[in-house]
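# Survey of secondary and tertiary structure
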Amino acid sequence: MITRTRSWTALLVLAAAALTACGTAPGTPAAAPAPDRTAAPAAGRSAAPPTLAPGPQGLTPVFSKAPGRRDAPTVALTFDADMTADQGPRATAGERFDNPALVATLRRLKVPATFFMTGRWAEEYPAQARDIGRDPLFEVANHSYSHYAFTADCYGLPTLPRERMRADVERAFAAFRRAGVTRAVPYFRFPGGCYDRAALRALAPGGVTAVQWDVVSGDAFATDPDAVARQVLRAVRPGSVVVMHCTRSAAPATERALRRIVPELRERGFRLVRVSEQIGAARSQG
Ligand SMILES: [Zn+2]
């Protein structure tokens, strides 16, 4: 039983590391991100979401914040729906990696938002994934299938071999489609925010724009919603991208924090937008 307890503890620690990783300082272990730049024009006047042009040597472009206008400030709230490939038994045992109350609050407050979903999460909660994906208020983006790391030494996450990176991203998009999400946006958030040139090169053929953040909410394992709200409200700037989580299991205070954050941001004149609008603004001002 001791081994069992120990391995269970190890799993919990790993899960904690994984989730915390998504809310730590952006870019820390990463190569210098490609600067935001204008992209080639979107094909026609379709509803295709804007993407950034490839970085140097055709690398996957990286977006973390829009230029922002003080006279018309915007902010994008993003929610990582984390579930690692090996957490199925925990979900079966009753642990909840979803957060329907959070989604309901976003709807009630009419907050546009971007969900970075793992493929594994969409498999576990297909009805919710479809529901989020079909709501015009929201957009569904890719947070990998497995929530494994795309670099070595990423907060203790297992590391994907380079040759499996692109397939892992494609597998998530396939899981979204199977769940009924018909219009996922071509944005990808690295688990833990960890990336390097090799990872950017591996994903380049898929044409995704990598999305980081400039505001850490600190909601991972937070139990005090006011502390989360204070942290966001202190750090947010025009054009910001805020990283939060959509999982009761490991971000239990997020929904309550939102009820403070959203009215205060609006009071300050911020318009809440999806990441696609921030990227569109980066393109037009780049
Ligand atoms: Zn994550």
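Predicted model only: the values in this text are computed from it and were never measured.

## Concerning the overall build of the protein
A count of helices and strands for the protein gives ten helices and nine strands. Here the protein holds 286 residues, and the buried ones make up 52% of them. Taking contacts inside the protein between residues at least 6 apart in sequence as the whole, the part at least 24 apart equals 80%. In the structure as shown, the protein presents an accessible area of about 12200 Å², 54% of it carried by carbon and sulfur atoms.

## A short note on empty space enclosed by the protein
Following the criterion strictly, the structure yields two cavities of 30 Å³ or more and no others. For the second largest cavity, the calculated volume is near 30 Å³. Contributing to the lining of the second largest cavity are Arg-166, Val-169, Glu-170, Leu-203, Gly-206 and Val-208. Per element, the largest residue contribution to the lining of the second largest cavity is three residues, and it comes from helix H6 (residues 162-179). Considering only residue class, the lining of the second largest cavity consists of three nonpolar, one polar and two charged.

## A word on the pairing of strand S3 (residues 113-117)
Of all five residues making up S3, five are buried, and the element is well covered by its neighbours. Taking every second residue as pointing to the same face, both faces of S3 are buried, with Ala-113, Phe-115 and Met-117 on one and Thr-114 and Phe-116 on the other. Pairing geometry for strand S2 (residues 74-81) and S3, over four bridges, is parallel. By the bridge assignment for S3, Asp-80 is matched with Phe-116.

## Looking at helix H10 (residues 275-285)
Buried within H10 we find Val-275, Ser-276, Gln-278, Ile-279, Ala-282 and Arg-283. Along the axis of H10, the buried positions cluster into a sector of 160°, meaning they face one direction only.

## So, the confidence of the model for the protein
Any residue range with low pLDDT should be treated as having predicted coordinates unsuitable for detailed reading. Averaged over every residue, the pLDDT of the protein is 88; residues scoring 70 or more account for 84%. Note on residues 1-14: pLDDT is under 50 here. Beyond four places in sequence and across chains, it has six contacts. Every residue in residues 25-45 is under pLDDT 50, and counting partners more than four places away or in other chains gives 39 contacts.

## Focus on the pairing of S2
The buried fraction of S2 amounts to eight of the eight residues, a majority that puts the element mostly inside the structure. Burial along S2 is two-sided: the residues Thr-74, Ala-76, Thr-78 and Asp-80 and Val-75, Leu-77, Phe-79 and Ala-81 are all buried. Here three bridges tie S2 to strand S9 (residues 271-273), and the two strands are oriented parallel to one another. Within the sheet, the bridge partner assigned to Ala-76 lies in S9 and is Val-273. Of the strand pairs in this sheet, S2 and strand S8 (residues 240-245) are connected by six bridges, and their pairing is parallel. Counted as the bridge partner of Phe-79 is Met-244 from S8.

## Overview of the state of the cysteines
A covalent bond between the sulfur atoms of two cysteines is referred to as a disulfide. Applying the stated criterion across every chain, the model contains one disulfide. Note that Cys-154 is cross-linked by a disulfide to Cys-194, the S-S spacing being 2.2 Å. Between Cys-154 and Cys-194 the disulfide shows an S-S torsion of about 80°. By sign, it is right-handed. Note that Cys-154 is positioned in the loop between strand S4 (138-142) and H6 and Cys-194 in the loop between strand S5 (187-188) and helix H7 (197-203), a separation of 40 residues in sequence.

The rules we used
Residues numbered from 1 in each chain as written. Predicted model: local features only at pLDDT ≥ 70, side-chain atom pairs only at ≥ 80, totals over all residues. Heavy atoms only, no water. Helix = DSSP H or I, 4+ residues; strand = E, 2+ residues; numbered from the N terminus. Buried < 20%, exposed > 50% of the residue type's maximum accessible area, 1.4 Å probe, protein only. Contact = heavy atoms within 4.5 Å. Areas by Shrake-Rupley, 256 points an atom, 1.4 Å probe, with all protein chains shown as cover. 1 Å grid on protein atoms, 1.4 Å probe; cavity = no way out; pocket = protein on both sides within 12 Å on 5 of 7 lines; lining within 4 Å. Points joined across faces, edges and corners; volume = space filled by probe spheres on them. Nonpolar A, V, L, I, M, F, W, Y, C, P; charged D, E, K, R; others polar. Pairing = 2+ DSSP bridges. Arc of directions from axis to C-beta. pLDDT = per-residue confidence, 0-100. Disulfide = S-S within 2.5 Å.

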